[in-house]
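Structural description and commentary
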Amino acid sequence: MASIKKFQVTFDCAEPERVARFWCEVLGYVVPPPPEGFATWDDFDRSLPAERQGSAFVCIDPSGVGPRMFFQRVPEGKAVKNRLHLDVRVGTGLVGEERLAALEAACARLVPLGAVRVRLLLADGVNESCLVMQDIEGNEFCLD
């Protein structure tokens with residue numbers, strides 16, 4: 001069996017477009033062009049049955065390297081810790097104070113967007129420092 005190289009990351013959320021636009025800012029992703037025949041995503045959304053309007057949104061890596069991110073509306077709210085989370089790699093190759101400075105700089109950029117700082121996990125001899133955060137709907141992610 002051939003290995004799979006492309007995959008999509010899917011978020012269950014209450015407000016798909018809002019959460020997608022947050023992650024666009026975090027990752028430098030963009031909203032792809034609307035489907036053929038529609039001038040805007042709003043036009044496409046209005047063409048859907050009322051119960052499906054606003055039910056999903058997408059963002060993509062403009063370089064085409066990173067995974068597509070799909071955000072879908074679900075009726076239930078987030079209840080427990082994520083079983084899966086994203087590590088946003090802002091400190092790759094950095095250690096000690098340099099790494100901490102990179103983590104703090106990224107945190108300072110994301111908090112005004114609605115992210116929440118949860119806790120700093122300091123290097124422990126096995127793992128480097130990382131900063132646990134939450135997105136605008138409480139989904140955990142790490143600045144790593």
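That block above? That's the structure.
Notes on the structure follow. Keep in mind that what you see is a predicted model, and the values were worked out from it rather than measured.

1. Things to note about the environment of Leu120
Assignment of secondary structure puts Leu120 in strand 5 (residues 116-121). The exposure class assigned to Leu120 is partly exposed, which follows from its relative accessible area of 30%. The contacts of Leu120, once residues within four sequence positions are left out, are Leu100, Leu103, Glu104, Cys130 and Leu131.

2. Considerations on the nonpolar core
Membership of the largest hydrophobic core comes to 26 residues, with the highest contact counts inside it found for Trp23, Phe71, Met133, Phe141 and Leu143. Residue assignment for this core shows that the elements contributing at least two residues are strand 1 (8-13), helix 1 (16-27), strand 2 (56-59), strand 3 (68-73), helix 3 (96-110), strand 6 (130-134) and strand 7 (140-143). With six residues, the top contributor of residues to this core is helix 1. Sequence-distant contacts of Trp23, that is, excluding residues within four places in its chain, are made with Phe11, Gly28, Met69, Phe71, Leu86, Val88, Asp135 and Phe141.

3. Some details on the pairing of strand 7
Here strand 7 shows two buried faces, one formed by Glu140 and Cys142 and the other by Phe141 and Leu143. In the sheet, strand 4 (residues 86-88) pairs with strand 7 via three bridges, with the strands oriented parallel. From the neighbouring strand, Asp87 faces strand 7, where its bridge partner is Cys142. Across four bridges, the pairing between strand 6 and strand 7 is antiparallel. By the bridge assignment, Met133 is partnered in strand 7 with Phe141.

4. Some points on the sheet that holds strand 3
Here three strands make up an open sheet; going across it, the order is 1-3-2 and the pairing mixed. Each of the sheet's edge strands pairs with one partner strand only, and the pair in question is strand 1 and strand 2. Strand-to-strand twist in this sheet, taken as the mean axis angle between neighbours without regard to direction, amounts to 20°. Across four bridges, strand 2 lies against strand 3 in antiparallel orientation. Residue Ala56 lies in a different strand from strand 3, and its bridge partner there is Gln72. Sitting on the sheet, helix 1 touches strand 1, strand 2 and strand 3, and the angle it makes with strand 3 is about 155°.

5. A short note on helix 3
Across its 15 residues, helix 3 extends 22 Å between first and last C-alpha, which sits within 8% of the 21 Å expected from 1.5 Å per residue. Those residues of helix 3 that fall on the buried side of the exposure criterion are Arg99, Leu100, Ala102, Leu103, Ala106, Cys107 and Leu110. Looking straight down helix 3, one finds its buried side chains confined to an arc of 160°; they lie on one side. Turned more than 90 degrees off the buried face of helix 3, the exposed positions are Glu97, Glu98, Ala105 and Ala108.

Reading the values: rules and limits
- Residues numbered from 1 in each chain as written.
- Predicted model: local features only at pLDDT ≥ 70, side-chain atom pairs only at ≥ 80, totals over all residues.
- Heavy atoms only, no water.
- Helix = DSSP H or I, 4+ residues; strand = E, 2+ residues; numbered from the N terminus.
- Buried < 20%, exposed > 50% of the residue type's maximum accessible area, 1.4 Å probe, protein only.
- Contact = heavy atoms within 4.5 Å.
- Core = buried A, V, L, I, M, F, W, Y, C linked by side-chain atoms within 4.5 Å.
- Pairing = 2+ DSSP bridges.
- Axes fitted to C-alpha atoms, helices over the stretch in contact; angles between N-to-C directions.
- Expected span 1.5 Å × (residues − 1).
- Arc of directions from axis to C-beta.

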